[in-house]
Amino acid sequence: MLFQPAIIALLIATATSVLLLAASVPFAARVLASWDLASGSERQLRMERRTYLVSTILSFVFASQLVALLLFIFNADRMSVLFVGAMCAVGTLNVNAWGFPALLAQIGLFFLASTWLILNRVDNQAPDYPLVRVKYAMLLAIAPVAALALGLQLAYFLGLKADVITSCCGSLFGGGTETLGGDLAGLPPKPAMLGFYAVTLTAAAAGGWAALRGRGGLLLAAASATAFLAALAGIVSFISLYAYEHPHHHCPFCLLKPEYDFQGYALYAPLFLGTAAGLGAGVIQPFARVPSLRSLVPQRLRSLGAFSGAMFLLFLAFASVIIARSNLVLMDG
Amino acid sequence: MIELTGIRKAFNQGRENEYWALNGIDIAIDAEKVTVLRGPSGSGKTTLLTIVGCLSRPTAGRVRLKDQDISGLPERFLTEIRRQTFGFVFQQFNLVRGLAAIDNVMLPAYPCGLPHGELRGRAEELLAMLRLGHRRDSRVEWLSGGEQQRVAIARALINRPQVVIADEPTANLDTALSREFLGILEMLREQGKTVLLTSHDPLVVEASVVDRVIGLRDGRIID
């Protein structure tokens with residue numbers, strides 16, 4: 001089971017990331033302990049030179065983790081044909097107890113990696129390394145998450161047994177089941193839809209505000225995080241029903257299948273990217289008062305706000321098209 | 001204008017042949033003056049010049065240009081500073097053979113994206129100022145040593161730098177051409193340029209155009 005190309009690629013990507021992160025940890029600790037731009041010591045100058053090498057390597061590591069999430073989900077969906085009872089990625093992830101924790105760790109790593117990349121980009125644009133301590137402190141926090149993600153992936157992939165009869169998405173996302181998915185599926189469609197549109201449009205508007213004003217990063221981050229959760233709830237609660245044209249099929253993973261024209265990718269890609277940009281805007285906002293970042297942070301907030309707002313609008317557009325094209329009548333009037 | 005603090009520079013650091021070319025240099029170079037670094041071969045003159053001009057980095061110490069620390073700047077910031085602030089005249093001139101004098105002069109300005117007509121006009125003006133207008137279309141290998149040096153000076157000035165750096169500028173010139181170079185130095189100083197050069201040529205070191213001479217030996221300042 002381990003010798004699936006996607007699994008091998010994922011494990012190599014995550015293991016390489018963990019190794020490179022582990023190799024960077026001593027340097028990060030040194031930066032936190034003794035970085036002093038006023039000093040012209042050999043040690044300081046060596047750190048200044050090395051920080052570019054380390055942050056370039058880490059940029060590749062984190063960029064690989066953005067792609068790894070896509071690969072993880074794609075792989076989970078593709079492997080569903082190998083397990084009895086699995087209809088989509090849910091069945092594959094349910095083969096053992098580590099599937100969903102591994103997915104959640106990968107999602108966490110995705111957002112941490114994107115935030116670090118945004119922080120690094122801002123830091124690299126200023127001549128005096130204003131965020132060097134922040135980004136290396138964050139690195140120390142990310143490294144254990146990456147190690148956890150690798151551990152969960154290993155436990156999950158090594159524990160995949162073809163003779164296990166797994167459960168399909170209906171058991172997890174059925175309206176009557178006592179799980180988080182079941183609770184979301186049981187939400188009444190009309191209030192859920194109203195909440196979904198209100199929250200996602202608010203996030204898009206917060207993105208627009210940041211794009212126009214070059215501030216409001218914290219508001220955008222809060223709106224993006226809320227919209228992310230509301231969007232996931234909306235997908236389970238009613239968008240999936242319209243997509244499958246079935247009043248009881250709430251699975252957010254079946255949307256990724258070719259039978260449904262891979263609509264899930266069109267929904268999730270802008271949602272994840274918009275949320276990542278929004279969270280990144282929130283992380284850099286507090287540094288707008290740093291002298292060398294006074295013009296850079298607003299500039300970056302404008303581009304992140306525009307990107308995040310556009311992604312949320314794109315997500316809403318795809319969701320609306322799914323609803324408009326569907327033959328399912330979920331609500332009267 | 002340029003302040004160096006505790007500058008040390010090692011080559012092959014950590015190896016058997018480790019060599020410290022500079023051993024703790026503290027100097028301030030005044031703006032709009034001509035400063036000469038004097039010292040015997042191996043004293044660290046050229047190494048110091050390359051550090052001031054952002055062509056190499058110190059192993060320890062800081063270089064400040066108009067109160068901005070430039071010794072720790074990442075390469076992409078340094079490129080811009082090198083391009084806009086410093087003009088270099090190398091000992092061997094380092095002109096590109098096969099290209100005309102005017103093309104050599106224009107070369108460092110291409111990345112700045114000036115309109116071609118304006119750039120060409122600027123290059124012609126510089127060549128005329130250095131009495132090379134009639135040789136502008138000649139390939140550089142056809143020029144005499146003195147003419148080649150003047151092309152190198154014109155090239156150093158094309159981006160209108162505040163600081164002109166020259167490494168042993170008279171090393172390959174006879175007395176007449178060296179005096180001609182001193183005349184150019186005078187002109188640069190009148191234009192408000194800061195000039196920093198290395199030399200152990202008495203003709204240069206003792207010239208009236210030179211405002212300050214800094215002596216170097218074994219990587220240290222001696223006077």
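What counts, and at which threshold
Counting from 1, residues in each chain are numbered in the order their sequence is written. A letter from A marks each chain and a number from 1 marks each ligand, given out in the order of writing. Only residues with pLDDT of at least 70 are given local features in this predicted model, and only at 80 or more are side-chain atom pairs given and counted; all residues enter the totals for whole chains, interfaces and linings. Numbering of helices and strands runs from the N terminus; a helix is a DSSP stretch of H or I covering at least four residues, while a strand is a stretch of E covering at least two. Each residue is classed by its C-beta neighbour count within 10 Å, where at least 20 other C-beta atoms makes it buried, 12 or fewer makes it exposed, and intermediate counts make it partly exposed; the C-beta atoms are placed from backbone geometry. Each residue gets a C-beta atom placed from its backbone, and two residues are in contact if those atoms lie within 7 Å. Note on pairing: DSSP must find at least two bridges between two strands before they are called paired. Three residue categories are used. Nonpolar comprises Ala, Val, Leu, Ile, Met, Phe, Trp, Tyr, Cys and Pro, charged comprises Asp, Glu, Lys and Arg, and polar comprises the others, including Gly. Axes here refer to lines fitted to C-alpha atoms; in helices the fit is confined to the stretch in contact. Angles between the N-to-C directions go from 0 to 180 degrees. Per the annotation, domain bounds derive from an automatic or database assignment of domains. The sense of a crossing depends on the near helix, which, turned anticlockwise from the far helix by less than a right angle, makes the crossing left-handed and, turned clockwise, makes it right-handed. For our purposes the nonpolar core covers buried Ala, Val, Leu, Ile, Met, Phe, Trp, Tyr and Cys residues that link as a set through C-beta atoms within 7 Å.

(A) Quick look at the overall build of chain B. Counting its regular elements, chain B contains seven helices and ten strands. Overall, the C-alpha framework of chain B stretches about 50 × 40 × 35 Å when taken along its three principal axes. With 223 residues in all, chain B has 41% of them scored as buried. In chain B, the proportion of contacts linking residues at least 24 apart, taken out of those at least 6 apart, comes to 70%.

(B) Local environment of the pairing of strand S9 (residues 212-217) of chain B. Residues and elements named next belong to chain B. Relative to S9, strand S3 (residues 34-38) is paired through four bridges, and the arrangement is parallel. Each bridged residue has a counterpart across the sheet, and for Leu-37 the counterpart in S9 is Ile-214. Relative to strand S10 (residues 220-221), S9 runs antiparallel, the two sharing two bridges. Of the residues in S10, the one forming a bridge with Arg-217 is Arg-220. A loop of two residues connects S9 with S10, the two strands running antiparallel in sequence, and Asp-218 in this loop sits at a positive phi of about 50°.

(C) A look at the interface of chain B and chain A. With eleven residues of chain B at the contact, the number on the chain A side is eight residues. Of all the elements in the fold, those that place two or more residues in the side of chain B that touches chain A are strand S1 (2-11) and strand S4 (60-65) of chain B. Per-class residue counts for the side of chain B that touches chain A are five nonpolar, five polar and one charged.

(D) Layout of unusual backbone geometry. Residue Glu245(A) is not a glycine yet carries a positive backbone phi of 55°. Looking at the element boundaries, Glu245(A) is found in the loop between helix H9 (217-244) and helix H10 (263-284). A positive phi angle, close to 70°, is found at Asp67(B), a residue other than glycine. Mapping Asp67(B) onto the fold places it in the loop between S4 and strand S5 (68-69).

(E) Focus on the pairing of S1(B). Residue and element names in this part refer to chain B. Bridge analysis of S1 against strand S2 (residues 19-29) gives eight bridges, and the strand direction is antiparallel. Note on S2: the bridge partner recorded for Leu-4 is Ile-27. In terms of strand pairing, S1 meets S4 through five bridges, oriented antiparallel. When the bridges of S4 are listed, Ile-2 appears paired with Leu-65.

(F) Local environment of the sheet that holds S9(B). Residue and element names in this part refer to chain B. If you trace the six strands from one edge of the open sheet to the other, you get S6-S7-S8-S3-S9-S10, paired in mixed fashion. Edge positions in the sheet fall to strand S6 (86-89) and S10, since each has one partner strand and no second. Bridge count for S3 against strand S8 (residues 194-198) is four bridges, and the pairing is parallel. Residue pairing for S8: Thr-35 is matched across the bridge by Leu-196. Across the face of the sheet, helix H1 (residues 45-52) comes into contact with S3, strand S7 (163-167), S8 and S9 while running at roughly 150° to S8. Sheet strands in contact with helix H6 (residues 175-190) are S3, S7 and S8, and its direction is about 150° off that of S8.

(G) Representation of the sheet that holds S5(B) in the model. Residues and elements named next belong to chain B. Reading across the sheet, the four strands line up as S2-S1-S4-S5 and stay open at both edges, with antiparallel pairing between neighbours. Pairing within the sheet leaves two strands with one partner each, and these edge strands are S2 and S5. As paired strands, S4 and S5 are joined by two bridges and run antiparallel to one another. Counterpart to Leu-65 in the pairing with S5 is Gln-68.

(H) Looking closely at the domain arrangement of chain A. All names here are of chain A. Structurally, chain A comprises domain 1 (1-166) and domain 2 (168-333). On a C-alpha basis, the centroid separation for the pair domain 1 and domain 2 is 23 Å. Taken together, the contact between domain 1 and domain 2 spans 22 residues of the former and 22 residues of the latter. For the side of domain 1 that touches domain 2, the elements supplying multiple residues, two or more each, are helix H2 (42-78), helix H3 (89-93) and helix H4 (99-125). When residues in the side of domain 1 that touches domain 2 are grouped by element, the largest group, eight residues, is from H4. When the residues that make up the side of domain 1 that touches domain 2 are grouped by side-chain class, the tally is 15 nonpolar, five polar and two charged.

(I) Layout of the packing of H4(A) against helix H11 (residues 296-325) of chain A. Residues and elements named next belong to chain A. Two numbers describe how H4 lies on H11: the axes approach to 10 Å, and their chain directions differ by 140°. Here the hand of the crossing between H4 and H11 comes out right-handed. Residues Ile-118, Val-122 and Gln-125 of H4 form the contact with H11, whose own contacting residues are Leu-296, Val-297, Arg-300 and Leu-304. Counted by class, the contact of H4 with H11 contains five nonpolar, one polar and one charged residues.

(J) The nonpolar core, seen in detail. Counting 101 residues, the largest nonpolar core has Phe253(A), Ile284(A) and Phe315(A) as its most contacted members. No other element matches H9(A), which puts 16 residues into this core. Inspection of this core shows a minimum of three residues originating in each of domain 1 (1-166) and domain 2 (168-333) of chain A. Beyond its immediate chain neighbours, meaning those up to four positions away, Phe315(A) contacts Thr200(A), Ala231(A), Leu267(A), Pro270(A), Leu271(A) and Gly274(A). Judged by nonpolar contacts, the second largest core, of 55 residues, contains Leu95(B), Leu127(B), Leu130(B) and Val164(B).

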